[in-house]
Amino acid sequence: NSFVVRTNTCGELRSAHVGQKVTLYGWIQYQRQGLFLVLRDFQGLTQVIIPQDEAHSHMKKLLSNAPVESVVRVTGVVSPRPPGQENPKMPTGDIEVKAETAEILNFCKKLPFEIKDFIKKSEALRMQYRYLDLRSFQLQHNLRLRSQVVMRMREYLCNLHGFVDVETPTLFKRTPGGAKEFLVPSREAGKFYSLPQSPQQFKQLLMVGGLDRYFQVARCYRDEGSRPDRQPEFTQIDIEMSFVDQAGIQRLIEGLLQYSWPEERGSITTPFPSMTYEEALAEYGTDKPDTRFGMKIVDISDVLRLSDIQFVQNALSYPRGTIRAICIPQGVRYLKNKDLESLQESAKSQFNQEIMEIIRRPDGSLKSLLTKFLGEKQQLELIQALNVQVDDVVLLAAGEHKQVCSALGSLRLLSASLLEAAGLALRDPAAFHFLWVVDFPLFLPKAENPTELESAHHPFTAPHPSDASLLYSDPTKVRSQHYDLVLNGNEVGGGSIRIHSAEQQRFVLEKVLKEDSEVLSHLLEALELGAPPHGGIALGLDRLISLIVDAPSIRDVIAFPKSFRGRDLMANAPDYVTPEELEPYHIQVSWPLEEKEAKKN
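Reading the values: rules and limits
Residues numbered from 1 in each chain as written. Predicted model: local features only at pLDDT ≥ 70, side-chain atom pairs only at ≥ 80, totals over all residues. Heavy atoms only, no water. Helix = DSSP H or I, 4+ residues; strand = E, 2+ residues; numbered from the N terminus. Buried < 20%, exposed > 50% of the residue type's maximum accessible area, 1.4 Å probe, protein only. Contact = heavy atoms within 4.5 Å. Areas by Shrake-Rupley, 256 points an atom, 1.4 Å probe, with all protein chains shown as cover. Lys, Arg positive; Asp, Glu negative; His and termini not counted. Charge placed at Lys NZ, Arg CZ, Asp CG, Glu CD. Salt bridge = Lys/Arg side-chain N within 4 Å of Asp/Glu carboxyl O. Pairing = 2+ DSSP bridges. Axes fitted to C-alpha atoms, helices over the stretch in contact; angles between N-to-C directions. Phe/Tyr/Trp six-rings, centres within 6.5 Å; stacked < 30°, edge-to-face > 60°. Patch = residues over 30% accessible without salt bridge, like charges linked within 9 Å, V, L, I, M, F, W, Y side chains within 5 Å.

### Observations concerning the overall build of the chain
Link 1 in the chain: Counting secondary structure elements, the chain contains 19 helices and 22 strands.
Link 2 in the chain: Relative to its 601 residues, the chain shows a buried fraction of 47%.
Link 3 in the chain: Sequence separation of at least 24 residues holds for 67% of the intrachain contacts in the chain that already meet a minimum separation of 6.
Link 4 in the chain: If you sum the accessible surface of the chain, you get close to 30,900 Å²; carbon and sulfur atoms cover 52% of it.
Link 5 in the chain: The averaged location of the 77 negative side-chain charges in the chain is 5 Å from the averaged location of its 69 positive side-chain charges.

Written out as structure tokens, the structure is:
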């Protein structure tokens, strides 16, 4: 209550305050028949008794007629509630304030929706009136917890470990590779700034500048169009260190998260387990495994290798051909036929992958189109390899290794959601399973042209020391010093040890990625002028906080988020500007015909 005119907040009064005269400010949450109202502020609720005597008739009329969500000041005396009228669900439920004077500071007109957490509102409406939505308990809690976590992170990095908080520019230039960047016009004809997708180059240059340890709560920008649960602007906890290796960065982040972790969410155990990219893909079908539940992908190639099944033999004839399966526990009991059909359809439409079902009957036998091709010994080996119990459903896939694993990894998550929707508890929402994924490939074939390569992380990532020579002979086989931090199947951080040799960086850009290195001449020159070995990481703050508070979307932990399509529905941005405003930037808008007609009308 420092610096403000209230004596107390609406959430702090208790029996110990009985007899004290207090002044409260807040919003009317609820009002009942001119007898009492409930006043709300950021900290909680207090019941205010409206006097019924003639001397206070003006105040009674004022408070009785004030609409819900009006802003009021109330001065009165704290009193114990009458016996039997206490409310144990309210922290202030043992007391009430008997109003002596009151003032309506701002009347509230009719609301577009009720400000109660249990009232369902469309997300578009919530975002249009975001300032009202922010009054809800849940959003207040999310934003305050976010603030506390960031404050603890600052303490850990700056006060305990000597990091320097540096703000880096927002207006920069285009970076080759990576996500698409927003362009900002300049007054020089044909020249544009780019909004950085991360402070990557700046933090490396700070290491060249000898700062040794940098961090920033960084605003980042990516023009990724309409992508669910992504934001065009987002926040990273950005970190870089000199003279560090992968293990050092991992220990730092484990300590940082342990130190800043909210007490109310339990404790987290360090060190976090680690898994290679190849292991993650083989067992979970993804580079961000959710390790809160089993249902791992199992290689059953050896079990079926000697069978006469044509599609099995076809699959195993490929260079990286494999037969793999997942076992859905109690699938017969919890999944309907339409659920199993939807899983098969998903594998077909997303991965072009056929799926075969196997069910274990109550008598222990297997039901499948495959069983007539399998002898008793092979069926028993299959049951043992997958640990198939009665009423379990096995989903089997055959084909190229990455495609099969990716399809089964997707089905693993879809079937877990179906099982949970049917009442089987699989993933504990209160559990936090952190995991490091390491040894990523340094390069991947481009989706649109598989003969060309792109960086799996970004072009500044250093090759694994054991694979450095392969960079010049067979770059597709090079592992990187890139590491991702995964929490409950979500990537919450990613980083790498960087290339600090100008010669190696130039080779990667020009010879492997076929990029114009001139765009990065400033960085290449810096690497020639005494650049120390360095590495870093960025944690996605929005994603991390949304997982901590179990929010359905990252939009629920951002004060003013953009919509699914990247629009600000409250202020209606982006918006048109006049030709006169564009003139200094040497830009003219070429309107599509239908938009021209719409603007005329």
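### Digging into the pattern of salt bridges
Link 1 in the chain: Under the definition given, this model contains 32 salt bridges.
Link 2 in the chain: One salt bridge in this structure joins Glu 224 and Arg 230, with 3.0 Å as the shortest N-O distance.
Link 3 in the chain: Taking relative accessible area as the criterion, Glu 224 reaches 23% and is therefore assigned partly exposed.
Link 4 in the chain: Residue classification places Arg 230 among the partly exposed residues on the basis of a relative accessible area of 32%.
Link 5 in the chain: Through salt bridges with shared partners, one network takes in Arg 126, Arg 130, Asp 133 and Asp 556.

### With respect to the sheet that holds strand β4 (residues 71-80)
Link 1 in the chain: Here five strands make up a closed barrel; going around it, the order is β1-β2-β3-β5-β4 and the pairing mixed. Strand after strand, the sheet turns through a mean of 55 degrees between neighbouring axes, direction not considered.
Link 2 in the chain: In this sheet, strand β2 (residues 36-41) lies alongside strand β1 (residues 21-32) in antiparallel orientation, the contact comprising five bridges. Pairing of Trp 27 across the sheet is with Arg 40, part of β2.
Link 3 in the chain: Sitting on the sheet, helix α1 (residues 57-65) touches β1, β2 and β5 (95-106), and the angle it makes with β5 is about 75 degrees.

### Here's the deal with the sheet that holds strand β15 (residues 366-367)
Each strand in a sheet pairs with its neighbour through backbone hydrogen bonds, running either in the same direction (parallel) or in the opposite one (antiparallel).
Link 1 in the chain: As summarised here, the arrangement of the five strands in space is β12-β13-β16-β14-β15, forming an open sheet in which the pairing is antiparallel. Unpaired on one side and paired on the other, β12 (298-299) and β15 mark the two borders of the sheet.
Link 2 in the chain: Along the sheet, helix α13 (residues 401-421) makes contact with β13 (321-328) and β16 (393-400), crossing β13 at roughly 5 degrees.

### Some thoughts on the packing of aromatic side chains
Link 1 in the chain: By the definition in use, this model includes twelve aromatic pairs.
Link 2 in the chain: With a centroid separation of 4.4 Å and 50 degrees between ring planes, the pair formed by Phe 172 and Phe 202 is classed as tilted. Separated by 30 residues along the polypeptide, Phe 172 in the loop between β6 (164-165) and β7 (183-185) and Phe 202 in helix α5 (residues 200-208) bring together distant segments of the chain.
Link 3 in the chain: Note on Phe 172: relative accessible area 16%, which makes it buried.
Link 4 in the chain: Judged by relative accessible area, Phe 202 falls into the buried class, the value being 16%.
Link 5 in the chain: Ring centres 4.5 Å apart and planes at 10 degrees place the aromatic pair Phe 272 and Phe 434 in the stacked group. With Phe 272 in the loop between α6 (246-260) and β11 (274-276) and Phe 434 in strand β17 (residues 434-438), the pair connects residues that are 162 residues apart, well separated along the chain.

### As for helix α7 (residues 277-284)
Link 1 in the chain: For α7, the full list of buried residues reads Tyr 277, Ala 280, Leu 281, Ala 282 and Tyr 284.
Link 2 in the chain: Buried residues belonging to α7 abut β11, β13, α13 and β17.

### With respect to a nonpolar patch on the surface
Link 1 in the chain: Among the surface-exposed residues, Tyr 131, Phe 560 and Met 570 lie close enough to one another that they form a single nonpolar patch of about 300 Å² accessible area.
Link 2 in the chain: Mapped onto the fold, Tyr 131 is located in helix α3 (residues 130-133).

### Focus: unusual backbone geometry
Link 1 in the chain: A cis amide bond links Thr 270 with the next residue in sequence, Pro 271, at an omega value of -5 degrees.
Link 2 in the chain: Cis geometry marks the peptide bond from Ala 573 to Pro 574, where omega comes out at 0 degrees.
Link 3 in the chain: Mapping Pro 574 onto the fold places it in the loop between α17 (541-548) and α18 (579-582).
Link 4 in the chain: Its identity as a non-glycine residue notwithstanding, Asp 439 has a phi of 55 degrees, on the positive side.
Link 5 in the chain: If you trace the backbone, Asp 439 turns up in the loop between β17 and β18 (443-445).
Link 6 in the chain: On the basis of relative accessible area, Asp 439 is assigned to the buried category, the value being 18%.
Link 7 in the chain: Positioned with a positive phi, Asn 488 is a non-glycine residue whose angle comes to about 50 degrees.
Link 8 in the chain: Positionally, Asn 488 belongs in the loop between β20 (482-487) and β21 (490-497).
Link 9 in the chain: For Asn 488, a relative accessible area of 8% gives the class buried.

As far as function goes, none of this settles anything; it's purely spatial.
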